[in-house]
Amino acid sequence: INPDVFTYYYSSIQIMDEVQRGIYNIRNNMRNNNFVITGPSYYDKTELAKMIAKQLADKKIISTNKIARISGDAFNRVNLEAKAVKLLDGVIIIQNADVITHEACVKLSNMLDKYADRVVVILESSRSVQSLFSEDEDIRQFFSSVISLPPFSVDFMIDYIRTYLADRNMGISQEAEI
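The shown structure was predicted, so the numbers you read here are calculated from the model rather than taken from an experiment.

Attention shifts here to helix 2 (residues 13-28). Across its 16 residues, helix 2 extends 22 Å between first and last C-alpha, which sits within 8% of the 22 Å expected from 1.5 Å per residue. For helix 2, every residue scored as buried is listed here: I15, M16, E18, V19, G22, I23 and I26. Each buried residue of helix 2 lies within a common arc of 160° when the element is viewed along its axis, so the set occupies one face. Exposed and facing more than 90 degrees away from the buried side of helix 2 are I13, Y24 and N28.

A few words now on the pattern of salt bridges. Applying the stated criterion to the full structure yields 3 salt bridges. The partner of K50 in a salt bridge is E47, with the nearest N and O atoms 3.4 Å apart. You can see K50 and its partner E47 sitting in helix 3 (residues 45-58), 3 residues apart, about one turn around the helix. Its salt-bridge partner being R118, residue D89 comes within 2.7 Å of it at the nearest N-O pair. Residue D89 is located in the loop between helix 5 (80-87) and strand 3 (90-95), and its partner R118 is located in the loop between helix 6 (102-115) and strand 4 (119-125); the two are separated by 29 residues in the primary sequence. R118 sits in the partly exposed class, given a relative accessible area of 34%.

Take Q141: it is sitting in the loop between helix 8 (137-140) and strand 5 (145-148). Counting along the chain gives 107 residues from Q141 to N34, while the straight-line C-alpha distance between them is 9.4 Å. Among the polar contacts listed, one links the side chain of Q141 to the backbone oxygen of D138, at a separation of 3.1 Å.

Formed by 27 residues in total, the largest nonpolar core has its most connected members in F75, I94, L108, M111, V121, L123 and F143. At the level of secondary structure, the elements contributing two or more residues to this core comprise helix 5, strand 3, helix 6, strand 4 and helix 7 (129-132).

What counts and how
Note on numbering: residues in each chain are counted from 1, in written sequence order. Predicted model: local features are reported for residues with pLDDT of at least 70 only, side-chain atom pairs are reported and counted for 80 or more only, and whole-chain, interface and lining totals are derived from all residues. In computing side-chain values, all of the structure's heavy atoms are included and hydrogens and water are not. Strands are runs of DSSP state E lasting at least 2 residues, helices are runs of H or I lasting at least 4, and numbering of each runs from the N terminus. Take the number of residues in a helix, subtract one, and multiply by 1.5 Å to get its expected span. The cut-offs for exposure are 20% and 50% of the maximum accessible area for each residue type, with area from a 1.4 Å probe on protein chains only; residues under the lower value are buried, those over the upper are exposed, and the others partly exposed. What the arc describes is the spread of directions from the helix axis to the C-beta atoms. The term salt bridge refers to a side-chain nitrogen of Lys or Arg lying within 4 Å of a carboxyl oxygen of Asp or Glu. Whenever a nitrogen or oxygen atom comes within 3.5 Å of another N or O atom, the pair is scored as a polar contact, on the condition that within protein one atom can donate a hydrogen and the other can accept it, and that pairs from neighbouring residues in sequence are kept only if both atoms are in side chains. Here, nonpolar core refers to any group of buried Ala, Val, Leu, Ile, Met, Phe, Trp, Tyr and Cys residues whose side-chain atoms link them within 4.5 Å.

Here you go:
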């Protein structure tokens, strides 16, 4: 992974480890190695998902840089069987996956079962993985990579500001950290 791509948005070592582990898992076996990004709503999970998709394309893990973004509400209404072929060899980002219905989960499970080695799905959720998949355990098998974005803390914000400033050849004084 190119850490510079992610540093601007997320400077947490934990997050970077989860991203690297997920990309490594997909590189070794695409089947069932899709992503779930969970965390508070103030995070820009879509930006992180797009950066992961870019890394997958750059490393030739997926053969194109196609990204399809769709909200959970819209995903509930889409005819996935009709659209599946257009989505192959790319990444599908489902925003607000918290609202995906059981019927939509079944459609997604069927698509992933059929095309698991040709598509990567990234679900974005403000809920935990356990809560997200509580009603549809069958789909959980397809999502082995979880990125849990922690709530902002003072230490996290200081690390983020330090990284942001360091990228611009600037620094922060110890007095400002207090």
